[in-house]
Amino acid sequence: MTITADEARLAFLKVLSVLAGPAYHQSDHDKPLAKQLELCAERIKAEASEGVALIEACAPHGRAMLSQAQQKLESLNQLAVLHQLVAEKFETL
């Protein structure tokens, strides 16, 4: 089975959208993959900050929000590793 650059890009975008959830915006679809990862990470960091603020305000769901954001950031870091491998293979992503 031979995988094309387009197939790799679409697979990457699908995984990114699943991992990032609402932090992934369809409007970013035409940007380079590295930029899309960066934008999602920035949005998730904002979610984490909001979670911290909720914890400080003693809101019960702040810890869950922070934990979820941290898990998403860890997953995005791993996805960035895969992006590097794909980019090296296809030299275009």
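Cut-off values and rules
Residues numbered from 1 in each chain as written. Predicted model: local features only at pLDDT ≥ 70, side-chain atom pairs only at ≥ 80, totals over all residues. Heavy atoms only, no water. Helix = DSSP H or I, 4+ residues; strand = E, 2+ residues; numbered from the N terminus. Expected span 1.5 Å × (residues − 1). Buried < 20%, exposed > 50% of the residue type's maximum accessible area, 1.4 Å probe, protein only. Contact = heavy atoms within 4.5 Å. Core = buried A, V, L, I, M, F, W, Y, C linked by side-chain atoms within 4.5 Å. pLDDT = per-residue confidence, 0-100. Polar contact = N/O pair within 3.5 Å; in protein donor to acceptor, adjacent residues only side chain to side chain. Salt bridge = Lys/Arg side-chain N within 4 Å of Asp/Glu carboxyl O.

**Some points on helix α3 (residues 62-90)**
- Look at α3: 41 Å from first C-alpha to last across 29 residues, which is about the 42 Å you get at 1.5 Å a residue.
- Among all positions of α3, only G62, L66, A69, K72, L73, L76, L79, H83, A87 and F90 are buried.
- Next to the buried residues of α3 lie α1 (5-20) and α2 (33-56).
- One or two residues past the end of α3 sits E91, with phi positive at roughly 55°.

**Overview of the nonpolar core**
- Counting residues in each nonpolar core, the largest one holds 17 residues, and the members touching the most others are L16, A20, I44 and L76.
- If you list the elements that add at least two residues to this core, you get α1, α2 and α3.
- Setting aside residues no more than four positions away along its own chain, A20 makes contact with C40, I44 and K72.

**Details of the confidence of the model for the protein**
- In this model, the protein carries a mean pLDDT of 91, and residues with pLDDT of at least 70 account for 98%.
- Per-element confidence in the protein is highest for α2, whose mean pLDDT is 94, and lowest for α1, whose mean pLDDT is 92.

**A word on the side chain of Q36**
- Mapped onto the fold, Q36 is located in helix α2.
- There is a polar contact of 3.3 Å between the side chain of Q36 and the backbone oxygen of D28.
- Within the structure, the side chain of Q36 is placed 2.7 Å from the backbone oxygen of K31, a separation counted as a polar contact.

**What to know about the environment of H61**
- Here H61 is to be found in the loop between α2 and α3.
- A relative accessible area of 47% means that H61 is categorised as partly exposed.

**Here we look at the pattern of salt bridges**
- Counted under the stated rule, the structure contains four salt bridges.
- Here K35 and E38 are joined by a salt bridge, their closest N and O atoms 3.4 Å apart. In this pair, K35 and E38 both sit in helix α2, three residues apart, roughly one turn of the helix.
- Residue classification places K35 among the partly exposed residues on the basis of a relative accessible area of 34%.
- Since its relative accessible area comes to 38%, E38 is described here as partly exposed.
- Here K72 makes a salt bridge to E47, at a shortest N to O gap of 3.6 Å. Taken as a pair, K72 in helix α3 and E47 in helix α2 lie far apart in primary sequence, 25 residues in all. Accessibility assignment for this pair places K72 and E47 in one class, buried.

**Here we look at the side chain of K72**
- Residue K72 is classed as buried on the basis of its relative accessible area, which comes to 13%.
- Dropping the residues within four chain positions of it, K72 is found in contact with L19, A20, P22, I44 and E47.

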